[in-house]
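The chain contents come next:
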Amino acid sequence: MLFSHFLQEDFLEKIPFLVISVRFGIMEKKNEKEGCRMLKIDLITGFLGAGKTTFLKKYAKYFMEKGQNIGILENDFGAVNVDMMLLQDLMGEQCEIEMIAGGCDKETHRRRFRTKLIAMRMCGYDRILVEPSGVFDVDEFFDILRDEPLDQWYEIGNVIAIVPANLEHELSESADYILASEVANAGKILFSHADETEKSRIEETLTHLNHALEQIHCGRKIEMGDVWCGNLEEPGAMDLDVISQCGYELESYEKMDLEKHQGFESVYLMDMHFSEKDLKEFVDKIMKNTKCGEIFRVKGFFQEEGEWRELNATKSGMNIKQIGEGQDVIIIIGSGLSEEKIREEL
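This one's a predicted model, so the numbers in the text were calculated from it and none came from an experiment.

Asks: Looking at this model, I keep getting lost on the overall build of the protein. Mind explaining?
Replies: Summing up its helical and strand segments, the protein has 11 helices and 14 strands in all. Looking at the protein as a whole, 54% of its 346 residues are labelled buried. Sequence separation of 24 or more characterises 79% of the internal contacts of the protein that already satisfy a separation of 6 or more. Working note: accessible area of the protein is about 16000 Å², and carbon and sulfur atoms make up 47% of it.

Asks: Explanation requested: helix 7 (residues 173–184) in the structure shown.
Replies: For an α-helix, 3.6 residues make a turn, and residues three or four places apart therefore share a direction. For helix 7, which comprises 12 residues, the first-to-last C-alpha distance of 16 Å matches the rise-based estimate of 16 Å (1.5 Å per residue) to within 8%. Of all the 12 residues making up helix 7, 11 are buried; the element is thus mostly covered by neighbouring parts of the structure. Residues of helix 7 that are buried include every one of S174, A175, D176, Y177, I178, L179, A180, S181, E182, V183 and A184, and no others. Its buried side turned inward, helix 7 meets strand 3 (39–46), helix 5 (138–144), strand 7 (154–164), strand 8 (188–192), helix 8 (199–215) and strand 11 (294–304).

Asks: Teacher, can you tell me more about the pattern of salt bridges here?
Replies: Once their charged atoms are close, side chains differing in charge can pair, the charge on each being opposite to the other. Enumeration according to the criterion identifies 15 salt bridges in this entry. With its nearest N and O atoms 2.8 Å apart, the salt bridge here joins D42 to R127. A residue pair is termed long-range when its members are at least 10 positions apart, and D42 in strand 3 and R127 in strand 6 (residues 127–132) qualify at 85 residues. On the accessibility criterion, R127 (8% relative accessible area) is buried. With its nearest N and O atoms 3.8 Å apart, the salt bridge here joins E344 to K341. Here E344 and its partner K341 are both found in helix 11 (residues 339–344), three residues apart, which amounts to about one turn of the helix. The exposure class assigned to K341 is partly exposed, which follows from its relative accessible area of 28%. Each of R110, R114 and D147 takes part in one network of salt bridges that share partners.

Asks: Can you help me understand the packing of helix 7 against helix 8 in this one?
Replies: Each pair of packed helices can be described by the angle between their axes along with the distance between the axes. Two elements in contact, helix 7 and helix 8, have axes whose closest approach is 9 Å; the angle formed by their N-to-C orientations is 95°. Judged on the interaxial angle alone, helix 8 and helix 7 are roughly perpendicular. Of the residues in helix 8, those touching helix 7 at D176, L179, A180, V183 and A184 are H208, L209, A212 and L213. A breakdown of the residues in the contact of helix 7 with helix 8 according to their chemical character gives seven nonpolar, one polar and one charged.

Asks: Would you take a moment to explain the packing of aromatic side chains for this structure?
Replies: What describes a pair of aromatic rings is the distance from one ring centre to the other and the angle between the planes of the rings. Summed over the entire model, instances satisfying the criterion amount to seven aromatic pairs. With 5.2 Å between their ring centres and 80° between their planes, Y62 and F63 make a pair best called edge-to-face. What makes Y62 buried here is its relative accessible area of 11%. Using a relative accessible area of 4% as the deciding quantity, one classes F63 as buried.

About the cut-offs
Residues numbered from 1 in each chain as written. Predicted model: local features only at pLDDT ≥ 70, side-chain atom pairs only at ≥ 80, totals over all residues. Heavy atoms only, no water. Helix = DSSP H or I, 4+ residues; strand = E, 2+ residues; numbered from the N terminus. Buried < 20%, exposed > 50% of the residue type's maximum accessible area, 1.4 Å probe, protein only. Contact = heavy atoms within 4.5 Å. Areas by Shrake-Rupley, 256 points an atom, 1.4 Å probe, with all protein chains shown as cover. Expected span 1.5 Å × (residues − 1). Salt bridge = Lys/Arg side-chain N within 4 Å of Asp/Glu carboxyl O. Axes fitted to C-alpha atoms, helices over the stretch in contact; angles between N-to-C directions. Parallel < 35°, antiparallel > 145°, perpendicular 65-115°, else oblique. Nonpolar A, V, L, I, M, F, W, Y, C, P; charged D, E, K, R; others polar. Phe/Tyr/Trp six-rings, centres within 6.5 Å; stacked < 30°, edge-to-face > 60°.

Next comes the structure, spelled out in C-alpha cells:
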C-alpha cells in the first residue's frame, strides 16, 4: 500500500483510463470500460478547533474494526501539519495517512489534491477519509471529484461537518462564510462539546448557522434532526452506525472570493520551549490583544518535564493534554494577524 509514494504527478496525469489496484503487493489492471469498483470517499470538515481530528480517529477505527482498509488524506492550513501527528497511532496494515502540503496558492493546492486522489485510488483502500483544514473551500472537494478520471473512480459517501456547540457568535464575514459553506452540504452536522453546553446555547448556535446560510443565499434550513449532539471523545456504536450512513446534500449558494476578502493567515513559533504556565499566559494575552489580529485558534505541541503535550485553544477555551509524540511548534491561525505584535507578547 506504499505504491502511491512512488508515483509522480506527470505519470499519473497520463493514465486517465487505467485503474491499478494494489493490495498485498499484487497489481491488477482493469480497463475502465470493463467496469471498476467505485471507491467511497468521505469529507469530514468543520470550523477551526471544532474537533475534526478527535472524531476522525473514532470514525476511522469504526471502519477498521469492520475489516476495511482506510486511507486518510490530511490537509492542514499552513506548511506544518499538526493534526497528522495526532493520527500516527492509526497507522498500520489497515490504515495509511497521506498529506497535502499547505502554504501554496489555490491552483497548486487543487493540483496536489487531485494527484493525491489519483495515487490513493491505486492503493487498494476500501474507503478514503478526507480531513481538510478548518478554512477549506468545500466546493473544491465536489469540483475535483467531477474531473476525469476521478468521476469514474470515486463515489461520495458522507459529508460530515463538525461545529462547536458553544460556537463563538462574533465571527468575521469570511469566517461565517466558511462555516456556512461547510454545513450547507453536510449529511450530518455534529455539535461537539454538546454534553457540556447548555441547551439555550446550543439553540443559539443552530440559529447562528441558519443565519450564516441565509447570508450566502443558501436555501437550506438546518433542523435539530440534522444535528447529532454528544461527546466526540466517545460516540457510541449506534451513533457511528447512523453517522456512517448520513450521505450528503447538494445545495447552491453564493460564493465568496476569499482572496479578495480578508482571509486567514498563520504564524508559526518554532522551538520556543514554552513551559505550560508561560504558554497559557501567552495565548491569553494574544487572544485579548486586538493589535495581534483576530485569532481563531492556537494549536501545537510543547514539552513539559520531558513529556509531550498538545495545545488546542480557541476563544471558547483552552485544552492541554499529554500525548506520545510531538514537535516543538505553536501555530496561530486567524485573520489580519500581526506577527510583530504577536512576538512582542513573548
